[in-house]
Amino acid sequence: MTATTAPSSSSAADPRRELGRALQRWAGAGMPAVGVVRVLDRHGFGTVESGQLVASTPGGDAVGVLYRGALDDTVRPLAAEAAAGPRTGEAHVSEAAGLAAGLACAGGATLLGHPLPAELAAALGAALEGGVPAALLSPADGTAALVLTGPELEQAHGTLGSGEADEAGIAHVRGLLRRGATATERFTAADVDVLADLWVPVPTIVVVGSGAIGEALLAQAALLGWGARTVAELDEALAAVAGFSDADVVVLLDHAPRFDAVLIEGVRGGRGFIGALGSRRTQSARRGRLRTKGLSDAEIDSIYGPVGLDLGARTPAETAVSIVAQVIAARSGRTASALAASDGRIGG
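Which residues make up the pairing of strand β14 (residues 249–252), and what are the values?
Burial along β14 is two-sided: the residues V249 and V251 and V250 and L252 are all buried. By the bridge criterion, four bridges tie strand β12 (residues 204–208) to β14 in an arrangement that is parallel. Among the inter-strand pairings, I205 is bridged to a residue of β14, identified as V249. For β14 and strand β15 (residues 273–276), the ladder comprises four bridges, and the chain directions are parallel. Note that in β15 the partner of V251 across the bridge is G275. Each parallel crossover has a hand, and for β14 linked through helix α8 (residues 260–269) to β15 it is right-handed.

Help me get a handle on unusual backbone geometry, residues and values and all.
Excluding glycine, residues mostly carry a negative phi; peptide bonds, for their part, are mostly trans. Going from G305 to P306, the amide bond is cis rather than trans, its omega being -5 degrees. Topologically, P306 is positioned in the loop between α10 (297–301) and α11 (316–332). The residue Y67 is not glycine, and still its phi comes out positive at about 55 degrees. Examined against the element boundaries, Y67 turns out to sit in the loop between β4 (62–65) and α2 (72–82). Backbone geometry at A190 places phi at a positive 50 degrees, although glycine is not the residue there.

Mind laying out the sheet that holds strand β2 (residues 33–44), listing which residues take part and the relevant values?
Across the sheet, which stays open at both edges, the five strands sit in the order β4-β3-β2-β6-β5 with antiparallel pairing between neighbours. With partners counted over all chains shown, the strands left at the sheet margins are β4 and β5 (87–93), one partner each. Taken pair by pair, the neighbouring strands of this sheet meet at an average axis angle of 20 degrees, ignoring direction. When β2 meets strand β3 (residues 53–56), the two strands line up antiparallel, connected through three bridges.

Go over the sheet that holds β14 with me, naming the residues and quoting the values.
With parallel pairing, four strands are arranged side by side in an open sheet as β13-β12-β14-β15. Looking at which strands have only one partner, the edges of the open sheet turn out to be β13 (227–231) and β15. When strand polarity is set aside, the average angle formed by the axes of neighbouring strands in this sheet is 15 degrees. Here β12 runs beside β13; their pairing, made up of five bridges, is parallel. Counterpart to I205 in the pairing with β13 is A228. This element, helix α6 (residues 212–224), spans β12, β13 and β14 of the sheet and lies at about 160 degrees to β13. Packing against the sheet, helix α7 (residues 234–242) makes contact with β12, β13 and β14, and its axis sits at approximately 150 degrees to β13.

Which residues make up the environment of A140, and what are the values?
Looking at the element boundaries, A140 is found in the loop between β7 (134–139) and β8 (145–149). Here A140 falls in the buried class, since its relative accessible area comes to 13%. On a C-alpha basis, the gap between A140 and T88 in space is 9.7 Å, while along the polypeptide they are 52 residues apart. Once residues within four sequence positions are removed from consideration, A140 is found in contact with L40, L112, R186 and D193.

Could you give an account of the packing of aromatic side chains, with specific residues and numbers?
Under the defined criterion, the tally for this structure stands at two aromatic pairs. An angle of 10 degrees between the planes, with centres 4.1 Å apart, marks the rings of F273 and Y304 as stacked. Note that F273 is positioned in strand β15 and Y304 in the loop between α10 and α11, a separation of 31 residues in sequence. Judged by its relative accessible area of 31%, Y304 falls in the partly exposed class.

Cut-offs and rules
- Residues numbered from 1 in each chain as written.
- Predicted model: local features only at pLDDT ≥ 70, side-chain atom pairs only at ≥ 80, totals over all residues.
- Heavy atoms only, no water.
- Buried < 20%, exposed > 50% of the residue type's maximum accessible area, 1.4 Å probe, protein only.
- Helix = DSSP H or I, 4+ residues; strand = E, 2+ residues; numbered from the N terminus.
- Pairing = 2+ DSSP bridges.
- Right-handed = clockwise from strand over helix to strand, strands pointing away.
- Axes fitted to C-alpha atoms, helices over the stretch in contact; angles between N-to-C directions.
- Contact = heavy atoms within 4.5 Å.
- Phe/Tyr/Trp six-rings, centres within 6.5 Å; stacked < 30°, edge-to-face > 60°.

As structure tokens, this is what we get:
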């Protein structure tokens, strides 16, 4: 079973943020493990989003969504029981029930429920809430779990049961990460049948200010499946940046000095991509104001300004392309040089 999707919801509304907060809360409450339910195999349903997960306490306090809630009668009891040990369940949805839930058609699924130890739940929860790439791997029988987190999935928590399986599983999922999209896949790692769910956060662009470039950025974000919105008031912009995850982006179009506070909030929050439009003269004046307001040169240098890559852009649409291209390069740790000038991997 292999599926890959890029969810289109903004991070502010992303149910993974709520799921992440719940996992951290339960892990900190002293319970040894929470129960999780994932899709081990399926037939039907049409196109469905990958990386779906429901988590629950033993008492039945559940968070998450799986197939738009069409399987809840099976999923939620299974998740509550799974905190005590692995088990599987079968769920079937009729055509009428599937369509009512927003699915394309009827279908059936084999569900895997298994415990997620508190340490692993906390690590996975922090990554999901913070907008950081994360993956959950387990043997298909649910007897172990391995959580990977970080921009390159470089942090590992737990085990699949052996060093060889861990090494093979990590390598496989890091390969999936290079595709840049959330994915669910079942594969073999060192003779272990592995189910892996990979979550890649989707950026949300907050455009501060108005104009043709802002409109072009909204259109470009929609094309990429990113979330995007425009804010015009300072308080609204500050609130948006204060709630940023690592996946989020702010592009400041308004040159008014009062909006310097948005950049300061973004830099000191330490999350997301902080960019500001403007001529070099505007950037120089802004830099001086930020320095007088207490930002160090290193903090000011962390702001992408003038935002965008040097593509020779002339129109608002071309400028929007240069900005999102820089965001993509920054997220992937690339220098945005020509592919022909590089001998590295193409596409991730």
